[in-house]
Amino acid sequence: MNSEPTYCTGEPIREGDTVRIGEWDGVVESIITSQSPGWVDYWQGKGEGVMLAGPAFGKLYAEFHDKDLMLVRRKQA
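Rules behind the numbers
Residues numbered from 1 in each chain as written. Predicted model: local features only at pLDDT ≥ 70, side-chain atom pairs only at ≥ 80, totals over all residues. Heavy atoms only, no water. Pairing = 2+ DSSP bridges. Helix = DSSP H or I, 4+ residues; strand = E, 2+ residues; numbered from the N terminus. Axes fitted to C-alpha atoms, helices over the stretch in contact; angles between N-to-C directions.

Chemist: Please set out the pairing of strand 2 (residues 24-32) residue by residue, giving values where relevant.
Modeler: For a regular strand, the rule is simple: side chains alternate between the two faces of the sheet. The pairing of strand 1 (residues 18-21) with strand 2 spans four bridges and is classified as antiparallel. Across the sheet, T18 pairs through a bridge with V27, a residue of strand 2. Two elements, strand 2 and strand 3 (residues 49-54), share five bridges in a ladder whose sense is antiparallel. Note on strand 3: the bridge partner recorded for I31 is V50.

Below you can see the structure in the form of structure tokens.
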């Protein structure tokens, strides 16, 4: 990957971000790139993306630039 992962808006994706995907709220649990440990386990023919965790869906993999993936707020320090 040549550049850092971003949302469709161009803002960088960070672990701990609170996001909305479609109607669901979740948190970015991890950022997955071809250099990530376990890449083969995640890949399954998909592109680089994020693993999300949320009460409505448990865990969900979404590719970077998914039009339904929107930043709600950054993780509080």
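Chemist: For the pairing of strand 4 (residues 58-63), give the residues involved together with the corresponding values.
Modeler: Of the pairings in the sheet, the one linking strand 3 to strand 4 comprises six bridges and is antiparallel in character. What sits directly across from M51, in strand 4, is Y61. Taken together, strand 3 and the strand that follows it, strand 4, pair antiparallel across an intervening segment of three residues.

Chemist: Please set out the sheet that holds strand 1 residue by residue, giving values where relevant.
Modeler: Working definition: the strands of a sheet are paired by backbone hydrogen bonds and lie parallel or antiparallel to each other. Judged by pairing direction, the sheet is antiparallel, and its five strands sit side by side in the order 4-3-2-1-5 without closing on themselves. The outermost strands of the open sheet, each flanked by one partner alone, are strand 4 and strand 5 (69-73). Neighbouring strand axes in the sheet, compared pairwise and without regard to direction, differ in orientation by 40° on average.

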